[in-house]
Amino acid sequence: MSGGSEYRASAADGLPARVSGAWAREKLEYLAKYMSIFNVGIKNKWERVYIDLMAGPGRCVEDDTGDEFDGSPLLAVNQKEPFTETVLVEGDAALAAALRQRVEGRATVVEADCNHTALIEQLRDRLGYGRLGLAFADNLGLDVTLATLLTLTQDRKVDLCITFQVGDLKRYQDNGWPRHLLEMQSASGGWRERGAPRRAAAALPCQSFFAPSTTWGCSRQDPLPR
Ligand SMILES: C[S@@+](CC[C@H](N)C(=O)[O-])C[C@H]1O[C@@H](n2cnc3c(N)ncnc32)[C@H](O)[C@@H]1O
């Protein structure tokens, strides 16, 4: 199973659950709120596609307490105002199989590397030109490449939610930002200036940020730094 992460059998269904900290719950609370605003706000105007680029098995378990809670894929399929379509990408075969059981046909589960060119083309087809997308990149490191995000969003309307590990942010802030993050910063309209590293230095070991498609779309016109 996925390197570096720990999994336990869920007390509820016996399938693997991702061992997480309290911060994961906080991250997912923000994501769930964004999903709800996204779906309710535009339900009469747009078809809505949720894409989870690194979906996991669907359930998490808090390390200290043993409490179990829904991961991002189950939050998506359990939305009160549902997405028109949900596509969940997971690279690990056993986790993808567990996820498929948990979503019970309410989403398409794809076992694949989320950076695979053919997959991204398929996701672009699902988005089409007349739908709005919400894509979540729940990075463990910098797993979802900039090329993937740029290709996915080129000529498509997609809001992005991206998780960065705070350790990476701190390290890159101290040592100079690598090209990859600088490119993302530019492409998302300058998230660094919005204080992410300062927040990152606080308690949470990871930080997510949202880049609405309007911001992303506008700043995609800017040349990327060389
Ligand atoms: C942080 S976990 C996802 C947690 C999930 N968002 C949740 O809320 O429960 C990241 C997942 O991405 C998967 N993964 C890692 N690299 C991947 C890749 N290149 N393509 C697809 N999945 C990948 C891992 O197997 C792991 O299950």
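(A) A look at the overall build of the protein. Scanning the protein from N- to C-terminus turns up 9 helices and 10 strands. Within the protein, the proportion of its 226 residues that are buried is 37%. A sequence separation of at least 24 residues applies to 73% of the contacts in the protein between residues at least 6 apart.

(B) Layout of the pairing of strand β6 (residues 85-90). β6 sits mainly inside the fold: 5 of its 6 residues count as buried. Handedness of the crossover joining β6 and strand β7 (residues 108-111) through helix α3 (residues 93-103) is recorded here as right-handed.

(C) Summary view of the nonpolar core. The biggest cluster of nonpolar side chains holds 46 residues, and the ones touching the most others in it are L53, L88, L99, A135 and A137. Excluding residues within four positions of it along the chain, A137 makes contact with L53, M54, V144, L160, I162 and T163.

(D) Molecular detail of the sheet that holds strand β1 (residues 7-9). Pairing is mixed across the open sheet formed by 4 strands, whose spatial order is β1-β2-β4-β5. One side of each edge strand has no neighbouring strand; the edge strands of this open sheet are β1 and β5 (68-70). Each adjacent strand pair in this sheet contributes to an overall mean axis angle of 40°, direction not counted. Pairing geometry for strand β2 (residues 16-20) and strand β4 (residues 59-62), over 3 bridges, is parallel. Residue pairing in the sheet places R18 in a bridge with C60 of β4.

(E) Representation of unusual backbone geometry within the structure. Phi at E104 takes a positive value of approximately 50°, unusual for a residue other than glycine. The topology assignment puts E104 in the loop between α3 and β7. For D155, which is not glycine, the phi torsion reads 60° and is therefore positive. As for its position among the elements, D155 is in the loop between α5 (146-153) and β9 (157-165).

(F) Main features of the pairing of strand β8 (residues 131-137). Burial of β8 is extensive: 6 of the 7 residues sit out of reach of the surface. Of the pairings in the sheet, the one linking strand β3 (residues 47-52) to β8 comprises 6 bridges and is parallel in character. When the sheet's bridge partners are listed, I51 is paired in β8 with A135. Of the strand pairs in this sheet, β8 and β9 are connected by 6 bridges, and their pairing is parallel. Its bridge partner being in β9, A135 is matched across the sheet by L160. A crossover connection joins β8 to the parallel β9 through α5; in handedness this β-α-β unit is right-handed.

Criteria and cut-off values
Residues numbered from 1 in each chain as written. Predicted model: local features only at pLDDT ≥ 70, side-chain atom pairs only at ≥ 80, totals over all residues. Helix = DSSP H or I, 4+ residues; strand = E, 2+ residues; numbered from the N terminus. Buried ≥ 20, exposed ≤ 12 C-beta atoms within 10 Å, placed from the backbone. Contact = placed C-beta atoms within 7 Å. Right-handed = clockwise from strand over helix to strand, strands pointing away. Core = buried A, V, L, I, M, F, W, Y, C linked by C-beta atoms within 7 Å. Pairing = 2+ DSSP bridges. Axes fitted to C-alpha atoms, helices over the stretch in contact; angles between N-to-C directions.

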